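# Tertiary structure, described
Take a look at the letters that make up each chain.
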Amino acid sequence: QVQLVESGGGLVQAGGSLRLSCAASGRTFSSYAMAWFRQAPGKEREFVAGISRSGGSTFYADSVKGRFTISRDNAKNTGYLQMNSLKPEDTAVYYCATRQAMAVMPSPTAYNYWGQGTQVTVSS
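Residues numbered from 1 in each chain as written. Predicted model: local features only at pLDDT ≥ 70, side-chain atom pairs only at ≥ 80, totals over all residues. Heavy atoms only, no water.

### Focus on the overall build of the protein
- Each helix and strand counted, the protein has 0 helices and 11 strands in total.
- Helices and strands appear in the protein in the N-to-C order β-β-β-β-β-β-β-β-β-β-β.
- Over its C-alpha trace the protein gives a radius of gyration of 13 Å, about what one expects of a compact globule, namely 14 Å for 124 residues.
- Dimensions of the protein along its principal axes, counting C-alpha atoms only, are 40 × 30 × 25 Å.
- Taken over 124 residues, the protein has a buried fraction of 44%.
- Total accessible area on the protein stands at roughly 6100 Å², and carbon and sulfur atoms take up 48% of it.
- For the protein, the separation between the mean place of its 12 positive charges and that of its 7 negative charges on side chains is 7 Å. (Helix = DSSP H or I, 4+ residues; strand = E, 2+ residues; numbered from the N terminus. Rg over C-alpha atoms; globule rule 2.2 N^0.38 Å. Buried < 20%, exposed > 50% of the residue type's maximum accessible area, 1.4 Å probe, protein only. Areas by Shrake-Rupley, 256 points an atom, 1.4 Å probe, with all protein chains shown as cover. Lys, Arg positive; Asp, Glu negative; His and termini not counted. Charge placed at Lys NZ, Arg CZ, Asp CG, Glu CD.)

Below is the structure:
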């Protein structure tokens, strides 16, 4: 079992920045690939960014490429999502998720463990 707790969400103006954190407990965090997803009202949950177990490989949705950066600190059992140049369309609940595998997958069904989510609201 892995427990995930997100933090760092909030209200920010367009063009601003936020840093989300995902604290993991339970099994060895470094054994899990990690990803961030988001879900806006009335929309399906979508892949935002993913990072391999070692942190050596990262992947991004086209909509956030160049603005968001995913990272992890396995010694601290924590993952991060740095979000810059935020846009109103980035407004959503953001979730971190892990899967006990090396590879990052864009489908939410590939992930075993999920946090409770943190709200990000970007005002225009």
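### Section: the pattern of salt bridges
- Under the criterion given, the structure shown has 4 salt bridges.
- Linking Asp62 and Lys65 is a salt bridge whose minimum nitrogen-to-oxygen distance equals 3.2 Å.
- Relative accessible area serves as the criterion here: at 66%, Asp62 is assigned to the exposed category.
- Residues Arg67 and Asp90 are paired through a salt bridge, measuring 2.7 Å at the closest nitrogen-oxygen approach. Placement of Arg67 in the loop between β6 (58-60) and β7 (68-73) and of Asp90 in the loop between β8 (78-83) and β9 (92-99) is noted, with a sequence separation of 23 residues between them. (Salt bridge = Lys/Arg side-chain N within 4 Å of Asp/Glu carboxyl O.)

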